Amino acid sequence: MMTKDQMELVKGTVPVLRQHGVLLTTHFYKRMFEGNPELKNVFNMGNQENNKQQTALAMAVLAYAEHIENPAVLMPVLDGIGQKHISLDIRPEHYLIVGEHLIASIKEVLGDAASAELLEAWTTAYNQLAAIMTGHENHLYVQQISKKGGWSGWRPFVIKEKVVESTEITSFYLYPSHGGMVADFLPGQFLSVRLFLPELNLLQPRQYSISSAPNGEFYRISVKKETASSLTPDGMISNRLHNYVGVGDIIEVSAPAGNFSFSPDKDNPVVFISGGVGQTPLMSMMESLVRIGSKRPRTWIHGCRDKNVHAFKEVIENWTGQNDDIKKHIFYADLDGERITKNEYEGWVDLNVIDSDLITPQTEYYICGPAGFIETHYRQLLLMGVKRN
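Okay, so let's go over this structure.

Here is what the cut-offs are and how they apply
Residues numbered from 1 in each chain as written. Predicted model: local features only at pLDDT ≥ 70, side-chain atom pairs only at ≥ 80, totals over all residues. Heavy atoms only, no water. Pairing = 2+ DSSP bridges. Helix = DSSP H or I, 4+ residues; strand = E, 2+ residues; numbered from the N terminus. Axes fitted to C-alpha atoms, helices over the stretch in contact; angles between N-to-C directions. Contact = heavy atoms within 4.5 Å. Core = buried A, V, L, I, M, F, W, Y, C linked by side-chain atoms within 4.5 Å. Buried < 20%, exposed > 50% of the residue type's maximum accessible area, 1.4 Å probe, protein only. Polar contact = N/O pair within 3.5 Å; in protein donor to acceptor, adjacent residues only side chain to side chain.

Regarding the sheet that holds strand β9 (residues 326–332)
Reading across the sheet, the five strands line up as β10-β9-β8-β7-β11 and stay open at both edges, with parallel pairing between neighbours. Looking at strand neighbours, the two that pair on one side only are β10 (344–346) and β11 (364–368), the edges of this open sheet. Along the sheet, successive strands turn relative to each other by an average axial angle of 15°, direction set aside. In this sheet, β10 lies alongside β9 in parallel orientation, the contact comprising three bridges. Bridge pairing in β10 links Tyr332 to Glu346. Together, β8 (298–304), β9 and β10 form the strand contacts of helix α10 (residues 313–322), whose direction differs from that of β9 by roughly 150°.

Put into structure tokens, the structure is as follows:
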């Protein structure tokens with residue numbers, strides 16, 4: 001247990017963490033990968049290159065320091081981290097390695113300002129956080145293996161179908177290699193997929209939303225191919241799936257995880273708003289409602305660059321044609337003179353041009369796409385009168 005004096009010492013580092021947190025976490029990751037290079041097979045090296053992991057860890061350490069007296073208020077955030085960790089098969093021994101390098105990094109970055117008392121306080125604080133996280137993650141692991149067809153860690157899956165959905169997006173149908181069932185999941189959750197990247201000589205994990213409804217037999221992921229001339233490690237896995245992985249190949253997959261999820265068992269209206277490949281978790285949600293014959297009013301709003309990159313266009317048209325309870329609104333940024341039909345629009349997604357009945361007090365809204373897309377339409381919904389949860 002932390003003493004009051006130790007809590008004050010940790011809180012006293014908040015200004016430094018606000019100003020130099022990314023410097024600290026950058027030093028930490030460099031130190032850890034030099035000391036434990038095997039962890040490069042666990043961490044997403046693409047997120048190392050674009051500084052996402054360094055920034056995310058800096059923000060998490062800052063939030064923890066700010067709430068050191070009552071870390072329970074951070075549980076929604078810690079649950080999200082825990083969900084990601086179990087998808088990567090993070091175990092308690094990993095926390096020991098991280099703790100060693102984090103405390104050493106604090107000492108090395110702060111220099112003379114890192115007193116013995118401060119280092120002891122941060123060691124106690126980290127051990128407290130590690131205990132919270134490993135306890136929560138153990139609970140999540142137990143939940144996973146308790147499901148019919150469930151498992152923890154990595155499991156071999158065979159690709160039985162590879163379907164081109166658009167010029168950019170291809171779907172992979174994943175079946176357990178032993179022929180058994182797959183565990184159910186909440187629509188909106190993701191899988192982690194692990195492949196060996198010869199370019200890096202590393203195993204690398206990546207997360208992909210499940211784009212199908214729960215069915216007990218397979219999972220479907222729908223992956224966007226990256227087109228940049230010089231790919232970062234972040235795009236290598238997606239392109240390897242597109243270019244080298246085919247029907248009959250076996251890949252490693254972890255159990256479904258994630259707290260962006262949806263319960264089909266309601267009857268209030270729901271609106272799905274997606275940009276580009278961000279539609280994949282929302283496809284799982286919509287398909288779940290279609291499968292159970294829900295009469296719930298549904299609105300599908302999607303934006304993409306043009307018709308060539310529009311994945312699942314025919315599926316959505318089929319659903320709207322067979323269900324009076326489903327409406328669609330599709331936005332194309334570049335039509336290049338192509339004809340548009342009813343409820344199709346030229347330009348980026350604009351909620352203001354859609355029917356006024358989009359906004360009701362009972363309606364639920366799910367947004368997925370690039371960060372800027374989510375932020376824009378979240379704020380737009382607030383301006384239109386939607387209340388925060």
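Notes on the nonpolar core
Formed by 40 residues in total, the largest nonpolar core has its most connected members in Val10, Met32, Phe43 and Trp122. Those elements that provide at least two residues to this core are α1 (4–11), α2 (14–35), α4 (52–66), α6 (92–110) and α7 (116–146). In terms of residues, this core owes the most to one element, α7, which gives nine residues. Sequence-distant contacts of Phe43, defined by excluding residues within four places in its chain, comprise Tyr29, Met32, Phe33, Gln53, Gln204 and Pro205. In this structure, Val223, Met236, Ile237 and Ala255 belong to the second largest nonpolar core, which totals 24 residues.

Brief notes about the side chain of Glu344
Of note, Glu344 is situated in strand β10. A relative accessible area of 6% means that Glu344 is categorised as buried. A distance of 3.0 Å separates the side chain of Glu344 from the backbone nitrogen of Thr341, its partner in a polar contact. Not counting chain neighbours up to four residues away, the residues in contact with Glu344 comprise Lys307, Lys313, Ile330, Tyr332 and Arg339.

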